[in-house]
Amino acid sequence: MSEPDFLRHIVSKVLTPVSLDMRRLDEAQKLLAKAESKYGFSSYGGDPEKLADFLLSPDFTNLIFIIGVDLTKKLLITVYDNYSSQKIKDAAKKILDELEGYGSEETNQLMMYK
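Scope of this entry: the structure provided in the associated data block.

1. Quick notes on helix α4 (residues 58-67)
What α4 keeps buried is the set Phe60, Leu63, Ile64, Ile66 and Ile67. Viewed along the axis of α4, the buried residues span an arc of 165°, placing them on a single side of the element. For α4, the capping residue at the N-terminal end is Ser57, with a side-chain oxygen 3.2 Å from the backbone nitrogen of Asp59. Within two residues after α4, Gly68 carries a phi angle of roughly 90°, on the positive side.

Written out as structure tokens, the structure reads:
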């Protein structure tokens, strides 16, 4: 079974104008486009398993600061549920475990202003 494309099949369902204001959505999309080129995790001509490298990178941490903890958790759960690669599932689970306890509204507001 082939893996879904992270940006086109996962991110586009989670990060929408309804879930995120346009300024932060635009910033997140720019970061993700650069990350796709840098890490090569596209399902179209790349290696989807490299998504795990992105998830564990400082670039993904920057994405968390842009989109907030709650949307990050939703994104990681979607990744975990849609990929069959154990390497990707393990990376998503590791980040989810690290984010537990940081999902309060206050934390999201603080992260938004950093």
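Next comes the rest of the write-up.
2. Description of the packing of helix α1 (residues 6-14) against helix α2 (residues 22-39)
Remark: α1 packs on α2, axes separated minimally by 12 Å, with the N-to-C direction vectors making an angle of 155°. The angle between the axes of α1 and α2 places the two elements in the roughly antiparallel class. For the pair α1 and α2, the sense of crossing is right-handed. Residue-level contacts link Phe6, Leu7, Arg8 and Val11 of α1 to Leu32, Ala33 and Glu36 of α2. Across the contact of α1 with α2, the residue classes break down as five nonpolar, no polar and two charged.

3. Looking at the pattern of salt bridges
Counted under the stated rule, the structure contains nine salt bridges. Between Asp21 and Arg24 there is a salt bridge; the shortest N-O distance is 2.8 Å. Note on Arg24: relative accessible area 14%, which makes it buried. Here Arg23 makes a salt bridge to Glu27, at a shortest N to O gap of 3.7 Å. Separated by four residues within a single helix, Arg23 and Glu27 lie in helix α2, roughly one turn from each other. Because the salt bridges share partners, they merge into one network encompassing Asp5, Arg8 and Glu36.

4. Quick notes on the packing of aromatic side chains
Using the criterion set out here, one finds five aromatic pairs in the structure. Note on Phe6 and Phe41: the rings are 5.5 Å apart at their centroids and 90° apart in plane angle, and the pair reads as edge-to-face. Pair noted here: Phe6 is in helix α1 and Phe41 is in the loop between α2 and α3 (51-55), with a separation of 35 residues, a long-range link. On the basis of relative accessibility, which here comes to 0%, the residue Phe6 falls in the buried class. Taking the relative accessible area as the measure of exposure, Phe41 reaches 1% and is therefore buried. Aromatic side chains Phe6 and Phe54 sit 6.3 Å apart centroid to centroid with 65° between the ring planes, which places their arrangement in the edge-to-face category. Placement of the pair is Phe6 in helix α1 and Phe54 in helix α3, with a sequence separation of 48 residues. An aromatic cluster is built from Phe6, Tyr39, Phe41, Phe54 and Phe60, whose rings are joined through pairwise contacts.

Calculation rules
- Residues numbered from 1 in each chain as written.
- Predicted model: local features only at pLDDT ≥ 70, side-chain atom pairs only at ≥ 80, totals over all residues.
- Heavy atoms only, no water.
- Buried < 20%, exposed > 50% of the residue type's maximum accessible area, 1.4 Å probe, protein only.
- Helix = DSSP H or I, 4+ residues; strand = E, 2+ residues; numbered from the N terminus.
- Arc of directions from axis to C-beta.
- Polar contact = N/O pair within 3.5 Å; in protein donor to acceptor, adjacent residues only side chain to side chain.
- Axes fitted to C-alpha atoms, helices over the stretch in contact; angles between N-to-C directions.
- Parallel < 35°, antiparallel > 145°, perpendicular 65-115°, else oblique.
- Left-handed = near helix turned anticlockwise from the far one by under 90°.
- Contact = heavy atoms within 4.5 Å.
- Nonpolar A, V, L, I, M, F, W, Y, C, P; charged D, E, K, R; others polar.
- Salt bridge = Lys/Arg side-chain N within 4 Å of Asp/Glu carboxyl O.
- Phe/Tyr/Trp six-rings, centres within 6.5 Å; stacked < 30°, edge-to-face > 60°.

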